[in-house]
Amino acid sequence: MDPSRIEPRIVPFEPALREHFHRLNAEWLRKYHQIEPFDEEVLSHPEAHILGKGGRIWFALVGEEVVGTCALMPDAPGVWELTKMGVTAGYQGHGIGRRLLAAAATLQL
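I will try to describe carefully the structure that is included in this document. (Residues numbered from 1 in each chain as written. Predicted model: local features only at pLDDT ≥ 70, side-chain atom pairs only at ≥ 80, totals over all residues. Heavy atoms only, no water.)

Moving on to the environment of Trp-80. With respect to the helices, strands and loops of the structure, Trp-80 is situated in strand S4 (residues 79-87). For Trp-80 and Leu-43, which are 37 residues apart along the polypeptide, the C-alpha to C-alpha distance reads 19 Å. (Helix = DSSP H or I, 4+ residues; strand = E, 2+ residues; numbered from the N terminus.)

Turning our eyes to something else, we now look at the pairing of strand S3 (residues 65-76). Regular strands place their side chains on alternate faces of the sheet. As paired strands, strand S2 (residues 56-62) and S3 are joined by 7 bridges and run antiparallel to one another. Each bridged residue has a counterpart across the sheet, and for Ala-60 the counterpart in S3 is Gly-68. Hairpin connection between S2 and S3: a loop of 2 residues separates the two successive antiparallel strands, and Gly-63 in this loop has a positive phi of roughly 65 degrees. Bridge analysis of S3 against S4 gives 8 bridges, and the strand direction is antiparallel. (Pairing = 2+ DSSP bridges.)

The next thing to look at is the environment of Trp-28. Mapping Trp-28 onto the fold places it in helix H1 (residues 18-32). Residue Trp-28 is classed as partly exposed on the basis of its relative accessible area of 34%. Expressed as a C-alpha distance, the spacing of Trp-28 and Glu-41, which sit 13 residues apart in the sequence, is 16 Å. Those residues in contact with Trp-28, other than ones at most four positions away along the chain, are His-33 and Met-85. (Buried < 20%, exposed > 50% of the residue type's maximum accessible area, 1.4 Å probe, protein only. Contact = heavy atoms within 4.5 Å.)

This part is about the nonpolar core. Within soluble globular proteins, side chains that are nonpolar generally end up buried alongside one another. Counting residues in each nonpolar core, the largest one holds 16 residues, and the members touching the most others are Phe-21, Ile-50, Ile-57, Phe-59 and Val-66. For this core, the secondary structure elements donating two or more residues are H1, helix H2 (37-44), S2 and S3. Contact partners of Phe-21, with chain neighbours within four places excluded, come to Val-42, Leu-43, Pro-46, Ile-50, Ile-57, Phe-59, Thr-69, Ala-71 and Lys-84. Ile-6, Leu-72, Val-87 and Ile-96 belong to the second-largest nonpolar core, a separate cluster that totals 11 residues. (Core = buried A, V, L, I, M, F, W, Y, C linked by side-chain atoms within 4.5 Å.)

All right, on to the packing of aromatic side chains then. Counting across every chain of the model gives 2 aromatic pairs. Measuring from centroid to centroid gives 5.2 Å for Trp-28 and Tyr-32, while their planes differ by 40 degrees, and the two rings are tilted. Highlighted residues: Trp-28 and Tyr-32, both in helix H1, separated by 4 residues, approximately one helical turn. According to the relative accessible area criterion, Tyr-32 is partly exposed, its value standing at 44%. (Phe/Tyr/Trp six-rings, centres within 6.5 Å; stacked < 30°, edge-to-face > 60°.)

Quick look at the sheet that holds strand S1 (residues 9-12) now. Taken in spatial order, the 4 strands of this open sheet run S1-S2-S3-S4, and their pairing is antiparallel. The open sheet has two free edges, formed respectively by S1 and S4, since each of these has just one partner strand. Sheet twist, expressed as the average angle between the axes of neighbouring strands with direction ignored, equals 25 degrees. By the bridge criterion, 4 bridges tie S1 to S2 in an arrangement that is antiparallel. Across the sheet, the residue bridging to Ile-10 is Ala-60, located in S2. Most of the contacts of H1 go to S3, to which it runs at about 85 degrees, and overall it touches S2, S3 and S4. (Axes fitted to C-alpha atoms, helices over the stretch in contact; angles between N-to-C directions.)

Here it is in structure tokens:
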């Protein structure tokens, strides 16, 4: 896959994408850590644990395939914490994460 040819579309959270928020973050957690009960709760209910607390979630789509996600949570006035992020293994190394972060930084202002 030529990274210069991948142009992900960045979209905000919508309920139809909830399962991908869980899938992408769980994939990362399984690879590098483990999924704790609190992780499972947050990943299964992002509306309550992230959006409901003033956070924001975005997804990266290549065509119709959801390949990445990131979430920001407010930490203090004007200060945001990157709380969740994941890019599926087949698309890592192609700048998807950087594009998600750039979009999140722009969109959250």
